[in-house]
Amino acid sequence: LLHEAIHGVFNSSSRLNRVCGRMLAICFGSPFNVLRLTHLSHHKFNRSATEKGTEIYDPNNVSYFRASFQYFFYIVCGLYLLELSSMFIFFLPPKMFRRMRSRLLNQGNLQEKWLAAQFRDADVVRQTQIDGVSICVLLVLSAWCFRQHWLIFAALLMGRTFLVSFHDNVYHYGTPSGVTVSGHNLFMPRSVSRCVLNFNLHR
């Protein structure tokens, strides 16, 4: 449902689509605009060497060992940790935030430049900060509710971290590089497929 909101098709009302999208994103653990813009950039730069989370790398720029370590860290836990921690960037002092954004605009790769440009909008930044505060409050209250059973809470977060990171790019493994619309349909029993709104059909 969050994915549908990211693409603006959760509801025909753009206001309701954004409100529900932000609520779903807060429960997911990452600000809506972070998820929306990084996911749209995924569609824009899918299967390019600049996109994180793919098995594509340039051996002239990075060793096989380093590329492998970065890749497996990213799909085991790195993606979700990045989505979760990215909200803290928006609480940096304004001057530092603008300097970081300018550096990406001037020195980043194509995907980083595109993303940095999207966060020039003050409303987008403010919404992201509000979502970030809401996420922190939700996580703190959740931890407080678990109290002495905090290990269960930690295990649940670790499980979510793995599932989100591992499945995020699985539809694109082994597809042609440079073809942004490439993807696979993954097999699931029909009953299970319906439970996930046929999200396994990704072509």
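Source: prediction; values computed, not measured.

Calculation notes
- Residues numbered from 1 in each chain as written.
- Predicted model: local features only at pLDDT ≥ 70, side-chain atom pairs only at ≥ 80, totals over all residues.
- Heavy atoms only, no water.
- Helix = DSSP H or I, 4+ residues; strand = E, 2+ residues; numbered from the N terminus.
- Rg over C-alpha atoms; globule rule 2.2 N^0.38 Å.
- Buried < 20%, exposed > 50% of the residue type's maximum accessible area, 1.4 Å probe, protein only.
- Contact = heavy atoms within 4.5 Å.
- Areas by Shrake-Rupley, 256 points an atom, 1.4 Å probe, with all protein chains shown as cover.
- Lys, Arg positive; Asp, Glu negative; His and termini not counted.
- Charge placed at Lys NZ, Arg CZ, Asp CG, Glu CD.
- Phe/Tyr/Trp six-rings, centres within 6.5 Å; stacked < 30°, edge-to-face > 60°.
- Lys NZ or Arg CZ within 6 Å of the ring centre and 35° of its normal.
- Expected span 1.5 Å × (residues − 1).
- Polar contact = N/O pair within 3.5 Å; in protein donor to acceptor, adjacent residues only side chain to side chain.
- Core = buried A, V, L, I, M, F, W, Y, C linked by side-chain atoms within 4.5 Å.

Student: Let's hear about the overall build of the chain: which residues, and what values?
Tutor: Check the secondary structure of the chain and you find 9 helices and 0 strands. Its helices and strands in sequence order give the chain the pattern α-α-α-α-α-α-α-α-α, from N to C terminus. Taken over C-alpha atoms, the radius of gyration comes to 18 Å for the chain, in line with the 17 Å a tight globule of 203 residues would show. If you line up the chain on its principal axes, its C-alpha atoms span 50 × 50 × 40 Å. Burial status across the chain gives 34% buried among its 203 residues. At a minimum sequence separation of 6, the contacts of the chain that also span at least 24 residues come to 59%. Of the roughly 12800 Å² of accessible surface on the chain, 65% is carried by carbon and sulfur atoms. The average position of the 21 basic charges and that of the 10 acidic charges among the side chains of the chain differ by 5 Å.

Student: Describe the packing of aromatic side chains, naming the residues involved and giving the relevant values.
Tutor: Under the counting rule described, the total for this entry stands at 10 aromatic pairs. Aromatic rings pair up to connect Y71, F72 and Y173 into one cluster. Over the ring of W144 we find R147; its NZ or CZ atom is 3.9 Å from the centre of that ring.

Student: Could you give me a rundown of helix 7 (residues 122-146), with the residues and numbers involved?
Tutor: The first and last C-alpha atoms of helix 7 sit 36 Å apart over 25 residues, in line with the 36 Å expected at 1.5 Å per residue. Every buried residue belonging to helix 7 is among V124, V125, Q127, T128, D131, G132 and I135, and all of these are buried. Residues of helix 7 that are buried make contact with helix 2 (14-28), helix 3 (32-45), helix 4 (64-85), helix 5 (94-107) and helix 6 (110-118). Looking at where helix 7 begins, the residue whose side-chain oxygen comes 2.8 Å from the main-chain nitrogen of D123 is D121. Following helix 7 by one or two positions, R147 has its phi on the positive side, about 45°.

Student: How would you sum up the nonpolar core? Please name residues and give values.
Tutor: Membership of the largest hydrophobic core is limited to 8 residues, which are V34, L37, F90, F97, L115, F119, V124 and V125. Mapped onto this core, the elements with two or more residues apiece are helix 3 and helix 7.

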